[in-house]
Amino acid sequence: MTDACIAPRAAGRLARTCSLAEDVSRLKYVSGTREEALRRLGIERVGDLLLHVPARYLDFSRAYTVESAPLGEVCTIVGTIDRVSNRPTSKRGMTVTEVFLVDATGVLKIAFFKQPWIARELAVGERLAVIGKVEFAYGFKQMAAPHYERLEGDGASGTILPVHPVRDGVSQAWMRRLVSIALEGAGTFCDPVPAPLRSRRKLMSLSRAVRAVQFPRLMAEVAFARKRLAYDELLYLQLALRLRNDVNLLGVAPVRHAPGAHVEALRAALPFALSAEQETAVREILGDMARGDRVMNRLLLGDVGTGKTAVACFALAAAADSGMQACVMAPTGVLAQQYAVKSGPLLEAAGVSWALLTGATPHAERAMLLEHLASGGISVLFGTHAVLGEGVAFEHLGLVVIDEQHRFGVGQRNALRSKGPGADLLVMTATPIPRTLALSVYGDLDTSVIRHRPIAGAGVTTRVLEGPNRDIAYGAVREALAQGRQAYVICPMVSPQEGAESLEDVPGLDVDENGRAHQAVTLHDVQTEVEELRRVFSSARVEMLHGKMSARAKDEVIDDFRAGRIDVLVATTVVEVGVDVPNATVMLIENGERFGLATLHQLRGRVGRGSLAGTCFVITEVRSRRGKRTPALERLEALAKTDDGFELAEMDLRLRHEGEILGLRQHGGVSLRFVDLDADVDVIEHAHEDADELLRYSRDLGAVATLPLRHEVVSRYGDVFKEVSGG
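Residues numbered from 1 in each chain as written. Predicted model: local features only at pLDDT ≥ 70, side-chain atom pairs only at ≥ 80, totals over all residues. Heavy atoms only, no water.

Focus: the overall build of the protein chain
In terms of helices and strands, the protein chain carries 26 helices and 22 strands. When burial is assessed residue by residue, the protein chain has 53% of its 727 residues classed as buried. Look at the contacts in the protein chain between residues 6 or more apart in sequence, and 74% of them connect residues 24 or more apart. Here the protein chain has roughly 30,900 Å² of accessible surface; of this, 50% comes from carbon and sulfur atoms. (Helix = DSSP H or I, 4+ residues; strand = E, 2+ residues; numbered from the N terminus. Buried < 20%, exposed > 50% of the residue type's maximum accessible area, 1.4 Å probe, protein only. Contact = heavy atoms within 4.5 Å. Areas by Shrake-Rupley, 256 points an atom, 1.4 Å probe, with all protein chains shown as cover.)

Things to note about the sheet that holds strand S16 (residues 446–450)
On the basis of which strands lie adjacent, the open sheet formed by seven strands has the order S12-S13-S11-S14-S15-S10-S16 and parallel pairing. Two strands in the sheet have a free side with no partner beyond their single neighbour: strand S12 (354–357) and S16. In this sheet, neighbouring strand axes are inclined to one another by 20° on average, regardless of whether the strands run parallel or antiparallel. Inspection of the sheet shows strand S10 (residues 297–302) paired to S16 by five bridges, in the parallel sense. Across the sheet, Leu301 pairs through a bridge with Val449, a residue of S16. Packing against the sheet, helix H12 (residues 308–321) makes contact with S10, strand S11 (325–329), strand S13 (380–383), strand S14 (397–403), strand S15 (424–429) and S16, and its axis sits at approximately 170° to S15. Against the sheet, helix H14 (residues 363–374) engages S11, S12 and S13, with an angle of about 135° to S12. (Pairing = 2+ DSSP bridges. Axes fitted to C-alpha atoms, helices over the stretch in contact; angles between N-to-C directions.)

Describing the packing of aromatic side chains
For the coordinates displayed, the defined rule picks out six aromatic pairs. Plain terms: the ring middles of Tyr29 and Trp174 are 5.4 Å apart, the flat faces sit at 65° to each other, and that makes the pair edge-to-face. Note that Tyr29 is positioned in the loop between helix H1 (3–6) and helix H2 (32–40) and Trp174 in helix H5 (residues 172–186), a separation of 145 residues in sequence. With 5.1 Å between their ring centres and 65° between their planes, Tyr488 and Phe561 make a pair best called edge-to-face. Note that Tyr488 is positioned in strand S18 (residues 486–490) and Phe561 in helix H19 (residues 551–562), a separation of 73 residues in sequence. Comparing Tyr488 with Phe561, the two get one shared label, buried. Here the guanidinium or amino end of Arg34 rests over the ring plane of Trp174, the centre of that ring lying 3.7 Å away. (Phe/Tyr/Trp six-rings, centres within 6.5 Å; stacked < 30°, edge-to-face > 60°. Lys NZ or Arg CZ within 6 Å of the ring centre and 35° of its normal.)

Focus: helix H8 (residues 219–244)
Taking 1.5 Å per residue, 26 residues should reach 38 Å; H8 reaches 39 Å between its end C-alpha atoms and fits that length. Extensive coverage of H8 is indicated by the burial of 20 of its 26 residues. (Expected span 1.5 Å × (residues − 1).)

Regarding the nonpolar core
Leu38, Leu49, Leu50, Tyr231, Leu235 and Leu239 are the most contacted members of the largest nonpolar core, which has 58 residues in total. Residue assignment for this core shows that the elements contributing at least two residues are H2, helix H3 (46–50), H5, helix H7 (206–214), H8, helix H24 (681–697) and helix H25 (707–717). Tallying contributions element by element places H8 first for this core, with 13 residues. Apart from residues no more than four positions distant in its own chain, Leu239 is found in contact with Ala691, Leu694, Leu695, Leu701 and Val713. Counting 42 residues, the second largest nonpolar core, distinct from the first, contains Leu270, Met296, Met324 and Val401. (Core = buried A, V, L, I, M, F, W, Y, C linked by side-chain atoms within 4.5 Å.)

Structure representation (structure tokens):
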């Protein structure tokens, strides 16, 4: 991209400050209950309101009459409510709400299951629009659980009506009215993306995209509008990530590492030969560390059991060869301890000193450790968030290794890097990430990938069971215990109180449009499960492990399980990574429908790690209905058919939002609202390329043509420029 492609001819003329940043309360009709409802939806500014896009659309430009609606197809039908009633069925507790909708051509019968409140929402004589599949039975055309919208007057006829997410206090009609008022007040607002760049990528202007996504004239407009909004999300994310890692803005020289005796000693100490993929990853990492023109920013991406730890040890040894120190930060004490147990002996054999610091480290031991660390007596520090403490100081930190980065916030990562300005960064994750997700969320990092296990263990067989067949899994546990083996039981919750949360985010769960499950789902928790399993396996030693326990208590449980003093470990996903007990050969995962495929794949990787074959039983409470497999069951059965984590990650991406795959929402990251990571491959690649070229044009976006982009990055992600410069 040339400068001319970025800078418009009238580059010196900046758009006026528009009203998008104004508080939403400045809008007409926004006050009191309505204002509170908007804020509960996360709408604070006028710009938030304009980007509160419809969840779906009622397309009246293609509406059918009851008579003309084709059977077996999804149609929009508008009519008047003639009758509404709740009818009990022969199934215990099941209520069907029946609505009869009439127009000039006939009667449409609508059924809603286990949603009796709908009868209170709808009234005879109201006009109603419904979208659903048309069937024929018992003399009527029918729809089952369609999307519906009450209409006011006749204004919707022949139009496309947006249906926004709303809350009590602001109705659909009011939301449309408020968005319309905001659009009118905003006029043609400023577009941060330079016009030549928009032209090159064939993107709508921002004003046109917002209007098209809110009130489309044709449904085809919506796809183009969403493409523009998705591009914006990706571009600003890429710019923010790259600016945070721009060494030129750090104002310090990068550390240069030269591999030497420690690296050679480590290679000699390894009890196995590295695989070709591991060798490639080592070469890429050491090559980055040896460069003197920029710091290393690299992602080491590997599936379960692919040997990332051995590869990372080479980076730690290279830092020691240069007289520098390294810090490895893990999200849990369990994982930090596991790194110390697995990597410590290798580092010792290579002549590299190390220590472990967690929240459970005794005070006296901690004081001595910190003294040695500050004087340079410790080359490698393994630890948890405890390494971020003010008292943790390095003599010369030259390498930062962060495992499972998505579990840390940006501020935590930067806090650790600030202890060693100019230090190299190696990020590791055992969560297989689809290429599009890695490119968008980790686009500022060079990537090394290890797809295959270098040493094949006995492997794990996965079986999916419905709840009533749980005895099959219990039988496998009894058999394993009789042979002196151990078992895991995984639950989605710690206590029964957590079961009150909504089920609407369960992937593949059969729910209605209000997020209510069509089936009653039993939710398993660790505390209840421990008591139940102590009864089922009366002679076994059953204990629990979860994230709400103290660091010391968790360490004690892990030590006991590793030493064989616990037979059955009932845990949450805290064991997802880092727990390595080869004698554990059976795993039961309760409420498998509650987890993403990537998480399930990680969990089952805890068994079958050595010479003993493992079996993982994924148990689901979502049962088949009328002989048909539910989406949740089909999804879990896909897990049983493949052990390729990357293939499962791609499948997970199509079923779940990226935030659930990586945990971004829970860990201070970002969520891509408009991006379809499965379908928007070209948009992702364009944003990736454009961010790189924009920063080559203006490394801090301070040029006149890119200044609006700079303001937008700060608005979305905070003052990354201040963060980078250390201000």
